[in-house]
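# Structural description and commentary
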Amino acid sequence: MMVRNVVIGMLFVTVIAPIVLYTDRLGTFPTFSSSSSSNDFVEDVTTFAFNGETGRLNVLSQESSSKFKESIGMVYSDNSHHQSLSDSSKVILESSTDTGNSKKGESREHASARVLSTTNEENRSMSENAIKQVTDDEIEDGNQVKPDTDTEGDGKDDAMGTDSKEIQKQINDVSGDTAAKHEQTTESSVRVVKREPAKTRPEKQNERVAIPDARVRHLKDQLVRARVYLSLPATRNNPHFTRELRLRVKEVQRVLGDASKDSELGKNSYDKLKAMEQTLTKGRQIQDDCASAVKKLRAMLHSTEEQLRVHKKQTLFLTQLTAKTLPKGLHCLPLRLTTEYYTLNTSEQNFPNQEKLEDPQLYHYALFSDNVLAAAVVVNSTITRAKDPAKHVFHIVTDRLNYAAMRMWFLVNPPGKATIQVQNIEEFTWLNASYSPVLKQLASQSMIDYYFRTHRASSDSNLKFRNPKYLSILNHLRFYLPEIFPKLNKVLFLDDDIVVQKDLTGLWSLDMKGNVNGAVETCGESFHRFDRYLNFSNPLIAKNFDPRACGWAYGMNIFDLDEWKRQNITDVYHSWQKLNRDRQLWKLGTLPPGLITFWKRTFPLDKSWHVLGLGYNPSVSQKDIERAAVIHYNGNMKPWLEIGISKYRNYWAKHVDYDHLYLRDCNINP
């Protein structure tokens with residue numbers, strides 16, 4: 001009887017008590033998702049008590065914790081981890097409850113295999129779902145691409161299966177000794193399974209980049225495909241499908257409208273996109289002649305390219321026209337100023353400090369312009385940056401039409417302590433056709449025909465040479481500086497489309513090493529070399545110049561007038577102008593004859609003195625602009641025109657007082 005009681009007691013300790021304990025553990029299983037147990041699970045798995053001593057599992061001693069986590073982190077997906085977790089815990093429990101039966105040991109191996117098989121099947125289904133997401137995301141999700149949750153490859157799944165089997169073997173070996181140890185290892189195994197869904201892979205999610213505005217692009221692509229189908233014979237022979245497709249085209253066009261971003265589309269855009277896709281699928285089934293579709297697409301491509309060519313030509317023409325057109329405000333301003341000027345007394349029409357005009361010790365500027373507001377910005381910006389404004393003298397030459405307006409502006413808005421002079425080009429009696437060959441050419445009938453009869457087929461296709469500014473002698477005065485300023489040693493020439501950002505007095509003290517012209521070279525780009533401006537097919541040009549020589553910039557040039565006279569530069573200019581009377585050496589403008597006239601007579605300035613491109617290049621470096629002494633709006637997009645590049649306009653506009661009475665009256669606004 002005593003033996004019977006002892007056997008029953010041992011059965012209770014070894015069989016019934018573990019079952020009760022396991023049931024209690026499984027009842028509280030969801031609590032294993034807590035952060036404390038999740039953070040400690042590696043330590044629970046890798047350590048165990050054996051005969052009162054703490055040891056390390058052999059299978060884990062060769063693995064780092066990060067590598068171990070990565071392997072088991074691939075087993076379950078977020079969408080199915082609860083079910084997989086439950087199944088896995090049941091398998092581990094079944095394999096651990098009976099420690100004395102060898103057949104149970106075999107079932108444990110099969111149980112682990114089932115765990116691996118289940119995870120592999122789930123991984124394969126996840127891969128198939130990921131592939132389906134790639135094909136469906138463009139339609140269903142617009143510009144949002146879903147993150148990738150697939151595993152990295154089968155090799156890591158195999159490694160995971162090996163690790164799982166080894167872990168299970170260690171658990172079984174330990175559980176054969178005591179129930180307490182068995183309970184501890186079972187809890188550790190459950191924690192291993194529970195840890196897996198918490199593992200995330202942000203780097204995998206970042207591998208796919210969202211396609212911006214994918215829905216708008218898809219809708220436009222659908223319209224192209226629909227037009228192709230509508231033009232094919234198989235579609236025209238199916239009136240029902242033709243009506244349906246035309247209806248879908250109207251719906252998509254209505255939804256698309258002028259939208260260029262997905263955020264601008266209506267709420268029903270996805271429904272229309274899906275409906276059109278279904279209709280296009282029907283068209284693909286109806287149309288079986290690929291050759292016809294390819295032929296139609298080629299025709300559409302050719303037509304689109306031709307339209308693009310026409311639009312580019314129209315854009316160029318309109319841009320040139322806008323550049324040549326005087327805005328209404330800038331037409332009003334000189335008229336208003338002229339009226340005011342002739343109401344002044346003779347004594348009020350004179351500028352102060354006229355005794356400084358011929359003082360070679362001062363800093364003299366030459367500015368030739370018929371734009372009052374532009375000239376005002378040049379003077380204002382220069383005086384603002386000058387260290388000693390009283391030593392600066394501005395010589396402005398304009399035409400007869402704007403002479404009174406230019407004088408009135410600077411009488412009303414004197415440049416502080418600086419000296420100003422405004423001259424009329426008509427006063428230069430020495431500048432006539434008998435002296436200047438360019439003046440004779442500009443007045444010729446052939447030159448007038450070249451500019452104003454542009455409809456002729458034989459006319460030059462480059463519209464930039466149609467600008468009437470090339471007919472103005474103001475544009476060629478830069479070649480007559482010694483005649484205009486006979487008593488000066490050096491003159492700084494400025495264009496009227498520049499803004500001065502730093503003090504320029506350092507230019508007068510430069511040692512130009514016997515050169516006449518100081519300028520910034522522009523050979524950083526291939527189109528700024530001599531062969532861009534001169535006709536090297538002409539033997540006279542090819543023999544005297546290098547086609548790869550660096551060009552340089554007009555707009556801010558320091559001229560040594562003493563060297564000019566010594567080297568007889570004006571005669572050099574005249575001789576080349578006579579040779580180019582039929583425009584065979586270069587087209588029109590002042591830069592090509594300048595490159596020829598000052599060939600090997602130009603001193604290169606540091607590039608920070610003069611930065612160009614603000615009138616045509618929207619990509620000028622902000623750093624280059626900020627450190628430049630002079631910024632130049634060369635090109636058609638002048639800052640006073642509506643087509644000016646907006647991000648550069650403030651550099652110019654901050655030197656204009658838009659609250660001035662004359663500007664308000666002429667409605668000139670920033």
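Bear in mind the structure is a predicted one, so any value in this text is a computation, not a measurement.

Basis of the calculations
- Note on numbering: residues in each chain are counted from 1, in written sequence order.
- Since the coordinates come from a predicted model, pLDDT governs what is reported: local features require at least 70, and pairs of side-chain atoms require 80 or more to be given and counted, while whole-chain, interface and lining totals use all residues.
- The side-chain figures draw on all heavy atoms in the structure; neither hydrogens nor water molecules are used.
- Lines fitted to C-alpha atoms define the axes here, with helix axes fitted over just the stretch in contact, and angles between the N-to-C directions of these axes take values from 0 to 180 degrees.
- The helix and strand labels rest on DSSP assignments: H or I over at least four residues marks a helix, E over at least two residues marks a strand, and numbering proceeds from the N terminus.
- For classification purposes, an angle smaller than 35 degrees is called roughly parallel, one larger than 145 roughly antiparallel, one from 65 to 115 roughly perpendicular, and anything else oblique.
- By definition, any crossing whose near helix is turned counterclockwise from its far helix by less than a right angle is left-handed, and any crossing with a clockwise turn is right-handed.
- By definition, residues are in contact when any of their heavy atoms lie within 4.5 Å.
- Only when DSSP finds a minimum of two bridges between them are two strands counted as paired.
- What counts as a disulfide here is a pair of cysteine sulfur atoms lying within 2.5 Å.
- Only protein chains enter the accessibility calculation, which uses a 1.4 Å probe. A residue is then buried if its area is under 20% of the maximum for its type, exposed if over 50%, and partly exposed in between.
- To qualify as a nonpolar core, a set must consist of buried Ala, Val, Leu, Ile, Met, Phe, Trp, Tyr and Cys residues joined through side-chain atoms within 4.5 Å.
- What a helix is expected to span follows from its residue count: subtract one and scale by 1.5 Å.
- For this count, His and the chain ends are skipped, Lys and Arg are scored as positive, and Asp and Glu as negative.
- By definition, a salt bridge exists where a carboxyl oxygen of Asp or Glu is found within 4 Å of a side-chain nitrogen of Lys or Arg.
- As used in this structure description, the phrase polar contact means that two N or O atoms lie within 3.5 Å; if the pair is within protein, one of them must be able to donate a hydrogen and the other to accept it, and residues adjacent in sequence are counted only when both atoms belong to side chains.
- Only Asp, Glu, Lys and Arg are considered charged, only Ala, Val, Leu, Ile, Met, Phe, Trp, Tyr, Cys and Pro nonpolar, and every remaining residue, Gly among them, polar.
- Patch building starts from residues that exceed 30% relative accessible area and form no salt bridge, then joins like charges within 9 Å and nonpolar side chains (Val, Leu, Ile, Met, Phe, Trp, Tyr) within 5 Å.
- Areas reported as accessible are Shrake-Rupley estimates using a 1.4 Å probe. Residue values count occlusion only from the protein chains shown.
- Between the rings of Phe, Tyr and Trp (Trp by its six-membered ring), a pair exists once the centres lie within 6.5 Å; its type follows the angle of the planes, with under 30 degrees stacked, over 60 edge-to-face, and the other angles tilted.
- Every residue is assigned a pLDDT by the predictor, reflecting its confidence on a scale from 0 to 100.

## Considering the packing of helix 17 (residues 372-385) against helix 18 (residues 403-412)
Helix 18 packs onto helix 17 with a crossing angle of 40° between their chain directions and a minimal axis gap of 10 Å. Here helix 18 runs oblique to helix 17, going by the angle between their axes. Seen from above, helix 17 lies across helix 18 with right-handed handedness. Residues Val372, Ala375, Ala376 and Val379 of helix 17 pack against Ala405, Met406, Trp409 and Phe410 of helix 18.

## Notes on the sheet that holds strand 6 (residues 490-494)
An order of 5-4-3-6-9-8-10 is seen for the seven strands of this open sheet, with the pairing classed as mixed. Looking along the sheet, the strands with just one partner apiece sit at the ends: strand 5 (419-424) and strand 10 (602-605). Averaged over neighbouring strand pairs, the angle between their axes works out to 25° when direction is ignored. Helix 17 rests against strand 3 (363-368), strand 4 (392-398), strand 5 and strand 6 of the sheet, and its axis sits at about 175° to strand 4. Relative to the sheet, helix 18 contacts strand 4 and strand 5, its axis offset from that of strand 5 by approximately 170°.

## Details of the state of the cysteines
For the structure shown, the criterion picks out two disulfides. Between Cys332 and Cys666 runs a disulfide, and the two sulfur atoms are separated by 2.1 Å. Between Cys332 and Cys666, the S-S torsion sits near -70°, and that sign places the bridge as left-handed. Taken together, the residues span a long stretch of sequence, with Cys332 in helix 16 (residues 328-341) and Cys666 in the segment after helix 29 (661-665) at a distance of 334 residues. On the basis of relative accessibility, which here comes to 26%, the residue Cys332 falls in the partly exposed class. The disulfide bridge from Cys523 ends at Cys550, spanning 2.2 Å between sulfur atoms. Across the S-S bond linking Cys523 and Cys550, the dihedral sits near 75°, which makes this disulfide right-handed. Here Cys523 is found in the loop between strand 8 (517-520) and helix 22 (530-533), whereas its partner Cys550 is found in the loop between helix 23 (539-544) and strand 9 (556-560), with 27 residues between them in sequence. The partly exposed category is assigned to Cys550, whose relative accessible area is 24%. Assigning the bonded cysteines of the protein consecutive numbers by sequence position, one obtains the connectivity 1-4, 2-3.

## Structural notes on the nonpolar core
It is characteristic of soluble globular proteins that their nonpolar side chains tend to be buried jointly. Core analysis: the largest hydrophobic core is formed by 65 residues, its most contacted members being Leu333, Phe410, Leu492, Leu504 and Trp652. It is helix 17 that provides the largest number of residues to this core, a total of nine residues. In this structure, Trp652 is in contact with Leu373, Ala374, Val377, Val499, Tyr633, Pro639, Trp640 and Tyr658, ignoring residues within four places of it in sequence. Counting residues in hydrophobic clusters, the runner-up holds 42 residues, among them Phe368, Val397, Phe428 and Trp576.

## Some remarks on helix 15 (residues 290-324)
The terminal C-alpha atoms of helix 15 lie 51 Å apart, and with 35 residues this matches the ideal 51 Å at 1.5 Å per residue to within 8%. Of all the residues in helix 15, the buried ones are Ala293, Met300 and Gln320. Check the buried side of helix 15 and you find it contacts helix 11 (214-231).

## What about the side chain of Asp503?
Counting through the fold element by element, Asp503 comes out in the loop between strand 7 (498-500) and strand 8. Look at Asp503: it is buried, it has no salt bridge, and the nearest opposite charge is Lys387 at 4.7 Å. Here the side chain of Asp503 touches Lys387 through a polar contact of 3.1 Å, landing on its backbone nitrogen. Looking at Asp503, its side chain comes within polar contact range of the side chain of Thr505, at 2.4 Å.

## Here we look at the packing of helix 11 against helix 13 (residues 239-256)
When two helices pack together, you describe them by how their axes are tilted relative to each other and by the distance separating the axes. Put simply, helix 11 and helix 13 touch, their axes get as near as 10 Å, and they point 150° apart. Judged on the interaxial angle alone, helix 13 and helix 11 are roughly antiparallel. Between helix 11 and helix 13 lies a crossing whose hand is left-handed. Contacts between helix 11 and helix 13 involve Val216, Leu219, Lys220, Gln222, Leu223, Ala226, Arg227, Tyr229 and Leu230 on the former and, on the latter, Thr242, Leu245, Arg246, Val249, Val252, Gln253 and Leu256. Its residues assigned to classes, the contact of helix 11 with helix 13 shows ten nonpolar, three polar and three charged.

## Description of a nonpolar patch on the surface
The grouping of Val3, Val7, Leu11, Phe12, Val13, Val15, Ile16 and Ile19 at the surface amounts to a nonpolar patch, some 730 Å² of accessible area in total. Structurally, Val13 is set in helix 1 (residues 2-27). Its relative accessible area of 52% is what places Val13 among the exposed residues.

## A short note on the sheet that holds strand 11 (residues 610-611)
Spatially, 7-12-11 is the arrangement adopted by the three strands of the open sheet, whose pairing is mixed. Each edge of the open sheet carries a strand with a single partner, namely strand 7 and strand 11.

## What to know about unusual backbone geometry
Phi at Arg583 is positive, roughly 60°, even though this residue is not glycine. Note on placement: Arg583 falls in the loop between helix 25 (569-579) and helix 26 (591-597). The phi angle at Asn667 is positive, at roughly 55°, despite the residue not being glycine. In this fold, Asn667 is placed in the segment after helix 29. In this structure Asn667 comes out as exposed when scored by relative accessible area, which is 59%.

## Here's the deal with the pattern of salt bridges
Tallying each qualifying case throughout the model produces 15 salt bridges. The closest approach of N and O atoms between Asp221 and Arg225, which form a salt bridge, is 3.6 Å. Pair noted here: Asp221 and Arg225 are both in helix 11, with a separation of four residues, about one helical turn. Classification of Asp221 by relative accessible area gives partly exposed; the value is 37%. Given a relative accessible area of 22%, Arg225 falls into the partly exposed group. Residues Lys391 and Asp388 are paired through a salt bridge, measuring 3.9 Å at the closest nitrogen-oxygen approach. On the basis of relative accessible area, Lys391 is assigned to the partly exposed category, the value being 38%.

## What to know about the packing of aromatic side chains
The final tally for this structure, using the stated rule, is 23 aromatic pairs. Measuring from ring centre to ring centre gives 6.4 Å for Phe479 and Tyr554, while their planes differ by 90°; the resulting arrangement is edge-to-face. Of this pair, Phe479 sits in the loop between helix 20 (445-452) and helix 21 (481-484) while Tyr554 sits in the loop between helix 23 and strand 9, placing them 75 residues apart in sequence. Across this residue pair, the class does not change: Phe479 and Tyr554 are buried. Residue Tyr554 is classed as buried on the basis of its relative accessible area, which comes to 7%.

## With respect to the confidence of the model for the protein
Residues of the protein with pLDDT of at least 70 account for 67%, and the chain-wide mean is 76. Low pLDDT (under 50) marks residues 174-207, which in the prediction has 62 contacts with non-local residues, meaning those over four places away or in another chain. Note that pLDDT drops below 50 for residues 455-460; the model gives that stretch six contacts with residues more than four away or on any other chain.

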